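A closer look at the structure
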Amino acid sequence: RFSSRRASLGSDRLGVPPIGRRFGVNAITVYTGSILLLCLLDGTPLHAWLYSHLFDPMIPALGAKAVSHVYALSEVLFWWLIVLWMDIKRIRLSI
């Protein structure tokens, strides 16, 4: 039976919080951080090296479109790990 206590915590019957909740709590952090990271890395040797060593080798096996999705998912995973850490430390950034 679903209790009001669990509902107030925002978790399911097993006590697991929703996957996307961490992004919602620190949405501005993720939005701003992803834009800053893109601006800082775009066109740099580090970005070229990361892409050529991690994602280019996958193109023959998966195709360019699939590798583009893998790249996007890796960015989402990167930011999810950051907001997970922030959530564990109870860090909340807001305006």
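Note that the coordinates shown come from a computational prediction; the quantities given were computed from them, not determined experimentally.

Our focus in this paragraph is unusual backbone geometry. A positive phi is found at Arg-90, a non-glycine position, where the angle reads about 60 degrees. Structurally, Arg-90 is set in the segment after helix 6 (64-88).

Contact pair helix 4 (residues 45-55) / helix 6: the axes reach a minimum separation of 11 Å and the direction vectors enclose 120 degrees. One element, helix 4, and the other, helix 6, form an angle in the oblique class. The handedness of the crossing between helix 4 and helix 6 comes out as right-handed. Contacts between helix 4 and helix 6 involve His-47, Tyr-51 and Phe-55 from the former and Val-67, Val-70, Tyr-71 and Ser-74 from the latter.

At their nearest, the axes of helix 3 (residues 27-41) and helix 6 sit 11 Å apart, and the two run at 135 degrees to each other. Comparing the axis directions of helix 3 and helix 6 gives the class oblique. Of the two elements, helix 3 crosses helix 6, and the hand of that crossing is right-handed. Facing Thr-29, Val-30, Gly-33, Ser-34 and Leu-37 of helix 3, the residues of helix 6 in contact are Phe-78, Trp-79, Val-83 and Met-86. A class-by-class count of the residues in the contact of helix 3 with helix 6 yields six nonpolar, three polar and no charged.

The residue Asp-87 is located in helix 6 in this model. When sequence neighbours within four positions are dropped, the list of residues in contact with Asp-87 reads Arg-21, Arg-22 and Arg-92.

Looking now at the packing of aromatic side chains. Under the counting rule described, the total for this entry stands at four aromatic pairs. Measuring from centroid to centroid gives 5.0 Å for Phe-55 and Tyr-71, while their planes differ by 80 degrees, and the two rings are edge-to-face. Taken as a pair, Phe-55 in helix 4 and Tyr-71 in helix 6 lie far apart in primary sequence, 16 residues in all. Residue classification places Phe-55 among the buried residues on the basis of a relative accessible area of 9%. Pairwise contacts between aromatic rings join Tyr-51, Phe-55 and Tyr-71 into one cluster.

Calculation rules
- Every chain is numbered independently, its residues counted from 1 as its sequence is written.
- Local features are withheld for residues below a pLDDT of 70 in this predicted model, meaning they are given only at 70 or higher, and side-chain atom pairs are given and counted only at 80 or more; totals for whole chains, interfaces and linings count all residues.
- The basis for the side-chain values is all heavy atoms of the structure; hydrogens and waters are excluded.
- Only DSSP runs of H or I with at least four residues qualify as helices, and only runs of E with at least two residues qualify as strands; both kinds are numbered from the N terminus onward.
- Interaxial angles span 0 to 180 degrees and are taken between N-to-C directions of axes, which are lines fitted to C-alpha atoms, for helices over the stretch in contact.
- Orientation labels follow simple angle bins: below 35 degrees gives roughly parallel, above 145 gives roughly antiparallel, 65 to 115 gives roughly perpendicular, and whatever is left gives oblique.
- The crossing is said to be left-handed when, going from far helix to near helix, the turn is anticlockwise and less than a right angle, and right-handed when the turn is clockwise.
- Contacts between residues were defined by any pair of non-hydrogen atoms, one from each residue, lying within 4.5 Å.
- Put simply, Ala, Val, Leu, Ile, Met, Phe, Trp, Tyr, Cys and Pro go in the nonpolar bin, Asp, Glu, Lys and Arg in the charged bin, and everything else, Gly too, in the polar bin.
- Working definition: a ring pair exists when centres of Phe, Tyr or Trp rings (six-membered ring for Trp) sit within 6.5 Å. Plane angles under 30 degrees give stacked, over 60 give edge-to-face, the rest tilted.
- Burial status follows relative accessibility: with a 1.4 Å probe on protein chains alone, a residue under 20% of its type maximum counts as buried, one over 50% as exposed, and anything between as partly exposed.

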